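Summary of the model geometry
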Amino acid sequence: MKEYQTITEISGPLVFVETDEPIGYDEIVEIETTDGETRRGQVLDTTSDYVAVQVFEGTTGIDRNSSVTFLGETMKMPVTEDLLGRVLDGSGNPIDGGPDIVPEERRDIVGEAINPYSREYPEEFIQTGVSAIDGMNTLVRGQKLPIFSASGLPHNDLALQVARQATVPEEEEGDGDDGDDESSEFAVIFGAMGITAEEANEFMDDFERTGALERSVVFMNLADDPAVERTVTPRLALTTAEYLAFEHGYHTLVILTDMTNYCEALREIGAAREEVPGRRGYPGYMYTDLAQIYERAGRIKGQEGSITQMPILTMPSEDITHPIPDLTGYITEGQILIDSGLNSQGVEPPVNVSPSLSRLMDDGIGEGLTRGDHGGVSDQLFYAYAEGKDKRDLVNIVGREALSERDNRFLDFAERFEAEFVDQGFNTNRTIEDTLEIGWELLSMLPKDELNRVDEEYIEEYYQEDAAAEVAAD
């Protein structure tokens, strides 16, 4: 390992170094400042004459007299099952006052692409305890389902609720107890990027208060940490998830917040490298970069574990056509949309189910997974809620008195749907049975002949005549 004192330029988070031998792309670098401080970086670009190094801890204090050592290896994450219950910074160093990590293995943070032939299709239900997700936009093991939010909305509260409540229900029918406890192990990997110290304290208080930390690994990159570190944090989190899933059989849920801060870091680095910008100043390769993160979700044939991703991003100006949500939507399998209108009404969580979507929902619900009537109930709820929202627009024009009895029922349905189905609070954990029962209670407000998206046998079994009679009396 050669030591160089040939720094020619410092630009933002980048240091340019002249070299006399080929240096590998993504190679780890140690930079020693004149006052003896050592900082780590990574080779971002390399030619035969010079390399560009992005410094994780920032370039303040680095000058031309600083020495640069290329370590000859890419960045690796020390992984072990003992990481569960630990809190690490954005570079993977423990910050919880616990002992040093004694790794079972050191893994490259870039990971390896899953061979498409080896992928197993996601088909098993994950229960988040949130009705708007479980009932209407079901999360499936191995899926990548982002949450689209905006600044000032309670997406972090929803993230904590999912991290606290998410479980993999075991199939009860016909399986009995076969003694296979490994399949039920569930772990949450929480990667926070660019969050404030206040948000970090809220996260940690909630994790410790509810006991969720015992089955979690938390990575924290704060707003005052270097932006460059944000490009590493999600890869460290996913490397940990891959190890737990495919070496120890865990079903892992990876929650990454906030991907907007990650993309801003990409833009900052691109500007420092004087790259030709793409849409709104973001680098042209942002789609590829995001895909390298999102596509690490999935299941592998013959492997017990799975990686499910729930990235969270704040849409600038609530613009869903902004490059970050736009590109994320191309890669992922749906989205959960947090709505400012519902939030201003006090709905918790303020999930707008109408534009939300889970593309793999149909494969993860039904008999043997959730319940046979789940698909029909979900479709009927979507239809009735859409009808009710249409009637709201009509009421603004002609007044409620001009509506027919049928229109008034759908209008009442929309109000109750938001108040009873979507609004459950951030501390209520509903099973899928609870969610479907609430759904049937609401659908029973409507006449049976309006329930044309649910099979007749389920209407006979679950339709609540008492609720229907009560609505008719009103």
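Here's what I pulled together on the structure shown here.

Secondary structure summary: the chain contains 14 helices and 21 strands in total. A globule of 474 residues ought to have a C-alpha radius of gyration of about 23 Å, and the chain, at 25 Å, matches this closely. With respect to the three principal axes, the spread of C-alpha positions in the chain is 85 × 60 × 40 Å. With 474 residues in all, the chain has 55% of them scored as buried. Long-range contacts, defined as pairs at least 24 residues apart, comprise 72% of the intrachain contacts of the chain with a sequence gap of at least 6. Of the side-chain charges in the chain, 35 are positive and 98 negative, and the distance between the mean point of each set is 4 Å.

With respect to the element layout, Ser149 can be found in strand β14 (residues 147–149). Overall, Ser149 belongs to the buried group, its relative accessible area being 0%. At a separation of 2.7 Å, a polar atom in the side chain of Ser149 contacts the side chain of His155. With residues up to four places along the chain from it excluded, the contact list for Ser149 reads His155, Leu313, Thr314, Met315 and Ile338.

It is the contact of helix α10 (residues 374–398) with helix α11 (residues 405–422), at a shortest axis distance of 8 Å, that shows an interaxial angle of 115°. Taken together, the axis directions place α10 and α11 in an arrangement best described as roughly perpendicular. Note that α10 runs across α11; the crossing there is left-handed. In contact with Leu381, Tyr383, Ala384, Tyr385, Glu387, Gly388, Lys389, Lys391, Arg392 and Val395 of α10, α11 contributes Arg406, Asp407, Phe410, Leu411, Phe413, Ala414, Glu415, Phe417, Glu418 and Phe421.

Attention now goes to the nonpolar core. In this structure, Val162, Met220, Ile255, Phe413, Phe417 and Trp440 are the most contacted members of the largest nonpolar core, which totals 67 residues. By size, the runner-up hydrophobic cluster in this structure holds 54 residues, among which are Ala52, Leu84, Tyr243 and Ile324.

Looking now at the packing of helix α5 (residues 259–272) against helix α6 (residues 286–294). Taken N-terminus to C-terminus, the directions of α5 and α6 make an angle of 135°; their axes are 11 Å apart at the nearest point. Our classification of the angle between α5 and α6 gives oblique. In this structure, α5 crosses over α6, and the sense of that crossing is right-handed. On α6, the residues that touch Met259, Tyr262, Cys263 and Leu266 of α5 are Met286, Asp289, Leu290, Ile293 and Tyr294. Its residues assigned to classes, the contact of α5 with α6 comprises eight nonpolar, no polar and one charged.

Quick look at the sheet that holds strand β6 (residues 50–55) now. Across the sheet, which stays open at both edges, the seven strands sit in the order β1-β7-β4-β5-β6-β3-β2 with antiparallel pairing between neighbours. Sheet topology places β1 (3–4) and β2 (7–11) at the edges, where each strand pairs with a single neighbour.

It is worth spelling out the side chain of Ser378 at this point. Its place among the elements puts Ser378 in helix α10. The exposure class of Ser378 is buried, given its relative accessible area of 1%. Residue contacts for Ser378: discarding those within four places in its chain leaves Gly135, Met136 and Met361.

Positionally, Glu318 belongs in the loop between β19 (306–314) and α7 (323–331). Sequence separation between Glu318 and Phe148 is 170 residues; the distance between their C-alpha atoms is 8.9 Å. Discounting chain neighbours no more than four positions away, the residues touching Glu318 are Ala150 and Ser340. A polar side-chain atom of Glu318 sits 3.3 Å from a polar atom in the side chain of Ser340.

Here the structure, examined in full by the defined rule, presents 32 salt bridges. The residue Glu441 makes a salt bridge to Arg416 at a minimum N-O spacing of 3.5 Å. Here Arg416 lies in helix α11 and Glu441 lies in helix α12 (residues 432–443), a separation of 25 residues in the sequence. Note on Glu441: relative accessible area 33%, which makes it partly exposed. Among the residues examined, Arg416 registers a relative accessible area of 25% and is labelled partly exposed.

Rules of the game
- Residues numbered from 1 in each chain as written.
- Predicted model: local features only at pLDDT ≥ 70, side-chain atom pairs only at ≥ 80, totals over all residues.
- Heavy atoms only, no water.
- Helix = DSSP H or I, 4+ residues; strand = E, 2+ residues; numbered from the N terminus.
- Rg over C-alpha atoms; globule rule 2.2 N^0.38 Å.
- Buried < 20%, exposed > 50% of the residue type's maximum accessible area, 1.4 Å probe, protein only.
- Contact = heavy atoms within 4.5 Å.
- Lys, Arg positive; Asp, Glu negative; His and termini not counted.
- Charge placed at Lys NZ, Arg CZ, Asp CG, Glu CD.
- Polar contact = N/O pair within 3.5 Å; in protein donor to acceptor, adjacent residues only side chain to side chain.
- Axes fitted to C-alpha atoms, helices over the stretch in contact; angles between N-to-C directions.
- Parallel < 35°, antiparallel > 145°, perpendicular 65-115°, else oblique.
- Left-handed = near helix turned anticlockwise from the far one by under 90°.
- Core = buried A, V, L, I, M, F, W, Y, C linked by side-chain atoms within 4.5 Å.
- Nonpolar A, V, L, I, M, F, W, Y, C, P; charged D, E, K, R; others polar.
- Pairing = 2+ DSSP bridges.
- Salt bridge = Lys/Arg side-chain N within 4 Å of Asp/Glu carboxyl O.

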